[in-house]
Amino acid sequence: MLPKATDPGLRAAAALLAAVVSTAAVAADKGYAELPGGSFRSTLAYEDISADLRVRPFAMMKRPVTNGEFLAFVQANPQWRRDRVPTVMAEPRYLSHWDGPTELGEASAGQPVVQVSWFAASAYCEAQGARLPTWTEWEYAAAADETRRDARKDPVWRERILAWYSRPSNAALPRAGLQTPNVYGVQDLHGLVWEWTDDFSSLLVDADNRNQGDPDNARFCGAGALSMDDRDNYAVLMRVAMLSSLGAEDTTGNLGFRCVKDLP
Amino acid sequence: MKRVPRFIAATLAASALLLSACDGDNDATRPAGDQASAEADGETGGSRKGDFGPPQGDPINAVLTSPPHVPPPVNRNHPAKVVVELDVVEKVMPISEGVDYTFWTFGGTVPGSFIRVRQGDTVEFHLRNMPDSKMPHNIDLHGVTGPGGGASSSFTAPGHKTQFTFKALNAGLYVYHCATAPVGMHVANGMYGLILVEPPEGLPPVDKEYYVMQGDFYTTGKYREKGLQPFDMEKAIDENPTYVLFNGSEGAITGDKALTTSVGENVRLYVGNGGPNLVSSFHVIGEIFDKVWYEGGTHFQENVQTTLIPAGGAAMMEFHMEVPGSYVLVDHSLFRAFNKGALGILKADGPENKEIYSGLEVDEVYIGDRAQANMEAVAVAAEAASTGDLTVDQQVKAGEALFMGTCSTCHQANGQGMAGVFPPLANSDYIANDPTSVPRVTLHGLQGKITVNGTEYNSIMPPMAQLTDDEVANISTFVLNSWGNPGGRVTKAEVAEIRKNKPENASEGH
């Protein structure tokens, strides 16, 4: 599709984009919420770690990165334009939902950016002086609901989360930041998009998840075999399964990301 | 396919005859014609032809094995006297990692020891109940012809032993189990096993034989709740098991304890189902059973994916290994497999055979041609609002799209909520009585008791202050015009006004 400069929708989007970019510059660190970290029991059973995990304090973007924010990044770093990026770092669908390499078109600036590869997401975070969260950090942040740091045992909360997974992803994505913040002030960890994690490629869940009772240890000897400690927690199982199905150059229509920073 | 019903009909007819033949009939009194017609149909003749005369030679002590092992073939061309000595042991064993359970066992394992005899053998059965047992026990072997299958002759108090003798008249794979009241509880605690009565000619030789038995378990604690878990009678009566297991514990035949074989070998599984409640849809992922002796009987079906094993029933299945790898034994009622433990592994080593199974050949990007969805309704409403001619209909459409992205996680897409937790928005008397509550509660949240459509709710709705005035106006207008609510319209200006005034029952925000 060719970009149409005369398209009123495009002009509106560009105007909106300008607004987003300018406020983002002012509120650079306001976009992050601080998480205290501490002891955390992962839903994943790590073969080599039996105790709880320690999560160091970190700051996490309150919302997933949006189309508008990512467009600003691509404009500043043209090597990440979809027509210039090396194919080993981004498959053909990379940013394919935009009208052009630097035009959003129908994709709205406020929607979370999707169709981004892990390489591109990492580069984005690096450009902000940040990084992608580890799985543990993501899981720790996502265990919270609006009032509790760990809502995972609450069946009602689980059901709420699962409701998203039970809906097809053929509808347009709502804007980022539409949902109520969790207890840390972080939004949209559930119910909007899948999100990349820095260490997604070490989430070695067997391609045939029925083999859970028998991880093929030979394949996992480097990383320590993972299995699900809490098989009721389907939401986590699906996240891990999703991430472990991907390569770092892959993109999908509902996979986005957000960044984190270490706190002193 | 047509042959199957005929087999069943023939089997039913044979068992009807069997019942009448049981009370005192023997070869001498049986009309000769019966035998002839049985042979003509390719039947074995059942118990009527199962008596091969008195036992010959010295008594033999039966070889008993613990699961998953199976005693060697009988390899005998004459009937013998076989002595079986089985101990009843009540003991605490792990049912899952970190979870203990007090099992009642035949031979110290769940399932109990595997017994293997030949059709026509005379079996002298000794049952010993350990002195430290809490309960009396007995044994009902489905391979016994006679009242109670041995149960009435083997009722054994703690620290006692009993003896009875039977002739194994019918060939087949049979379940045995404890039949002391409450029977269901004794079985639920693991008191079952298998006895194989080989036909006189034996079974076709194979390279590997394994013994697997499914059972359902009921604990007061949840699945994998640590510690010693007592039996839960209520759950057992409700037939709502905490665990469904192969060989009595989670992981009994996985990991280092997986069953093993090699490419090129023939494997035969002897699979029983102790129950007490569930029927097993037994399946091996990645294998097709070349033969299934369904229900443990004489005839086999070929080329079977999944075979049904009733509670108190068994089946034998045979297959040839072509491709190496891990094959997963499951009850294909899948939540039992992945949430209650009914998993086992058969590991085959050997060379790959790419002709039969290639492994992953292609994984490349697939781009469909589906048009992209968009938030057009929201954009249209925004555009209309900016020019001042926003209609209710546009607001409803935009509000619906926004509702799906946020409110529906609790109030559900159809506005029905969740009884007792999230109040319904559909046909809501609360909204009808006070339509302004929709934007107000959306913005400021709500806590404290409220009653909606006769049901009391006392939970917290967080404030959705992150929504813009436009968004709240559109969502509210959508809710008011949906699901039998009174209709109406909320404007952006009204929302801005409401945002300024925080009510008493607002909930905590961030």
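All of these numbers come straight from a predicted model, not from anything done at the bench. Numbers given to residues run from 1 along each chain, matching the order in which its sequence is written. By the order in which they are written, chains take letters starting at A while ligands take numbers starting at 1. This being a predicted model, a pLDDT of at least 70 is required before a residue's local features are given, and a value of 80 or more before pairs of side-chain atoms are given or counted; all residues contribute to the totals for chains, interfaces and linings. Note that the side-chain values use all heavy atoms of the structure and ignore hydrogens as well as water.

What follows deals with the overall build of chain A. A tally of helices and strands in chain A yields seven helices and nine strands. A total of 264 residues make up chain A; the buried ones form 54% of that total. Within chain A, contacts between residues at least 6 apart in sequence are counted, and of these 75% link residues at least 24 apart. Shrake-Rupley sampling with a 1.4 Å probe provides the accessible areas, and residues are treated as covered by the protein chains on show and by no other component. As displayed, chain A has an accessible area near 11,500 Å², and 55% of this comes from carbon and sulfur atoms. By definition, any uninterrupted DSSP run of H or I lasting at least four residues is a helix, any uninterrupted run of E lasting at least two residues is a strand, and each is numbered from the N terminus. Accessibility here uses a 1.4 Å probe with only protein chains present; expressed as a share of the type maximum, an area under 20% marks a residue as buried, one over 50% as exposed, and anything in between as partly exposed. By definition in these notes, contact holds between two residues if any of their heavy atoms fall within 4.5 Å.

This paragraph deals with the sheet that holds strand β21 (residues 343–349) of chain B. Two strands in a sheet stick together by hydrogen bonds in their backbones, pointing the same way (parallel) or opposite ways (antiparallel). Residue and element names in this part refer to chain B. Pairing is mixed in the open sheet, where five strands are placed in the order β13-β21-β20-β15-β18. Here the strands that pair on one side only, and so sit at the sheet edges, are β13 (259–262) and β18 (306–309). The sheet shows a mean angle of 20° between the axes of neighbouring strands, taken without regard to direction. Strands pair, by our definition, only if DSSP identifies at least two bridges between them. Strand direction decides the pairing type here: strand β15 (residues 280–285) and β18, joined by four bridges, are antiparallel. Of the residues in β18, the one forming a bridge with Ser 281 is Leu 308. Note on method: axes are straight lines fitted to C-alpha atoms, helices fitted across the in-contact stretch only, with angles between N-to-C directions ranging 0 to 180 degrees.

What follows is about the pairing of strand β9 (residues 192–198) of chain B. Within a regular beta strand, the side chains point alternately toward one face of the sheet and then the other, so they alternate between its two faces. All names here are of chain B. In terms of burial, β9 is a largely internal element, seven of the seven residues being buried. Where burial is concerned, the two faces of β9 agree: the one with Tyr 192, Leu 194, Leu 196 and Glu 198 and the one with Gly 193, Ile 195 and Val 197 are both buried. For strand β4 (residues 115–118) and β9, the ladder comprises four bridges, and the chain directions are parallel. Within the sheet, the bridge partner assigned to Arg 116 lies in β9 and is Leu 196. Pairing between strand β8 (residues 172–177) and β9: six bridges, direction antiparallel. Residue pairing in the sheet places Tyr 176 in a bridge with Gly 193 of β9.

Once that is clear, we can look at the pattern of salt bridges. In the sections that follow, a salt bridge refers to a side-chain nitrogen of Lys or Arg positioned within 4 Å of a carboxyl oxygen of Asp or Glu. Applying the stated criterion across every chain yields a total of 29 salt bridges over all chains. We note a salt bridge from Asp262(A) to Arg131(A), for which the minimum N-O separation is 2.6 Å. Taken together, the residues span a long stretch of sequence, with Asp262(A) in strand β9 (residues 260–262) and Arg131(A) in the loop between α3 (118–127) and α4 (135–142) at a distance of 131 residues. With a shortest N-O distance of 2.7 Å, Arg160(A) and Glu146(A) are connected by a salt bridge. Taken together, the residues Arg160(A) in helix α5 (residues 155–165) and Glu146(A) in the loop between α4 and α5 connect sequence positions 14 residues apart. The same class applies to Arg160(A) as to Glu146(A), namely buried. What emerges from the salt-bridge pattern is a single network uniting Arg116(B), Glu198(B), Glu209(B), Arg268(B) and Glu318(B).

Once that is clear, we can look at the side chain of Thr109(B). Residue and element names in this part refer to chain B. With respect to the helices and strands, Thr 109 occurs in the loop between β3 (99–106) and β4. What makes Thr 109 buried here is its relative accessible area of 16%. Separated by 2.8 Å, the side chain of Thr 109 and the backbone oxygen of Pro 111 make a polar contact. With sequence-adjacent residues up to four places away left out, Thr 109 is seen in contact with Ser 66 and Pro 67. Polar contact is the term for a pair of N or O atoms within 3.5 Å; when the atoms are in protein, one must be able to donate a hydrogen and the other to accept it, and sequence-neighboring residues count only if both atoms are side-chain atoms.

Moving on, we come to the packing of aromatic side chains. All names here are of chain A. A pair of Phe, Tyr and Trp rings is counted when the ring centres sit within 6.5 Å of each other, with Trp represented by its six-membered ring. The angle between the planes then sorts it: under 30 degrees is stacked, over 60 is edge-to-face, the rest tilted. Counted according to the given criterion, the structure contains 30 aromatic pairs over all chains. Pairing Phe 70 with Phe 257 gives two aromatic rings, centres 6.0 Å apart and planes at 80°, and the pair type is edge-to-face. Note that Phe 70 is positioned in helix α2 (residues 67–76) and Phe 257 in the loop between β8 (255–256) and β9, a separation of 187 residues in sequence. Residue classification places Phe 70 among the buried residues on the basis of a relative accessible area of 0%. The exposure class of Phe 257 is buried, given its relative accessible area of 0%. Relative to Trp 138, the ring of Trp 135 lies with its centre 5.8 Å away and its plane at 25°, an arrangement referred to as stacked. Of this pair, Trp 135 and Trp 138 both sit in helix α4, three residues apart, roughly one helical turn. With a relative accessible area of 0%, Trp 135 lands in the buried category.

For the rest of this paragraph, the subject is the sheet that holds β4(B). In spatial order, the strands read β4-β9-β8-β6 (chain B); together these four strands make up an open sheet with mixed pairing. Strands with a single pairing partner mark the edges of an open sheet, and in this sheet they are β4 and β6 (140–141) of chain B.

Now for helix α10 (residues 437–444) of chain B. Residue and element names in this part refer to chain B. α10 sits mainly inside the fold: seven of its eight residues count as buried. For α10, the full list of buried residues reads Ser 437, Val 438, Pro 439, Val 441, Thr 442, Leu 443 and His 444. Taken together, the buried residues of α10 touch α9 (429–433), α11 (469–480) and α12 (492–500). In the segment just after α10, Gly 445 is the residue with positive phi, at about 75°.

The next point concerns the nonpolar core. Here, nonpolar core means buried Ala, Val, Leu, Ile, Met, Phe, Trp, Tyr and Cys residues that are tied together by side-chain atoms lying within 4.5 Å of each other. Core analysis: the largest hydrophobic core is formed by 64 residues, its most contacted members being Met60(A), Phe70(A), Tyr94(A), Trp98(A), Trp196(A) and Phe257(A). Going through the elements one at a time, β1 (32–35), β5 (58–61), α2, α3, α4, α5 and α7 (234–244) of chain A are the ones with two or more residues in this core. Looking at which element gives the most residues to this core, the answer is α3(A), with six residues. Within the second largest apolar cluster, 29 residues are counted, among which are Leu173(B), Val175(B), Leu245(B) and Trp293(B).

This part is about the pairing of strand β10 (residues 208–217) of chain B. All names here are of chain B. For β10, the buried fraction is high: nine of the ten residues fall into the buried class. Sheet analysis places β10 next to strand β14 (residues 266–275), joined by eight bridges and oriented parallel. Its bridge partner lying in β14, Tyr 210 is registered against Leu 269.

Residue and element names in this part refer to chain B. Summarising the element assignment, Val 88 is placed in strand β2 (residues 81–96). In this structure, the C-alpha to C-alpha distance between Val 88 and Ala 151, residues 63 residues apart in sequence, is 14 Å. Setting aside residues no more than four positions away along its own chain, Val 88 makes contact with Thr 105, Phe 106, Leu 127, Arg 128, Asn 129, Met 130, Ser 133, His 137 and Met 191.

What follows concerns the packing of α10(B) against α12(B). All names here are of chain B. At a minimum axis separation of 10 Å, α10 and α12 run at an interaxial angle of 50°. As judged from the angle between their axes, α10 and α12 are oblique. Between α10 and α12 lies a crossing of right-handed hand. For the pair α10 and α12, the contacting residues are Pro 439, Arg 440, Leu 443 and His 444 in the first and Val 495, Ile 498 and Arg 499 in the second. Any angle that is under 35 degrees is reported as roughly parallel, and any over 145 degrees as roughly antiparallel; angles of 65 to 115 degrees are reported as roughly perpendicular and all others as oblique. Take the far helix as the reference: if the near one is turned anticlockwise from it by less than a right angle, the crossing is left-handed, and if turned clockwise, right-handed.

Let us look at the packing of helix α6 (residues 376–387) of chain B against helix α7 (residues 392–405) of chain B. Residues and elements named next belong to chain B. At their nearest, the axes of α6 and α7 sit 8 Å apart, and the two run at 135° to each other. Taken together, α6 and α7 sit at an angle that is classed as oblique. In this structure, α6 crosses over α7, and the sense of that crossing is left-handed. Contacts between α6 and α7 involve Ala 377, Val 378, Val 380, Ala 381 and Ala 384 from the first element and Gln 394, Lys 397, Ala 398, Ala 401 and Leu 402 from the second. By residue class, the composition of the contact of α6 with α7 is eight nonpolar, one polar and one charged. Residue polarity is assigned by list, with Asp, Glu, Lys and Arg as charged and Ala, Val, Leu, Ile, Met, Phe, Trp, Tyr, Cys and Pro as nonpolar; anything else, Gly included, falls into the polar class.

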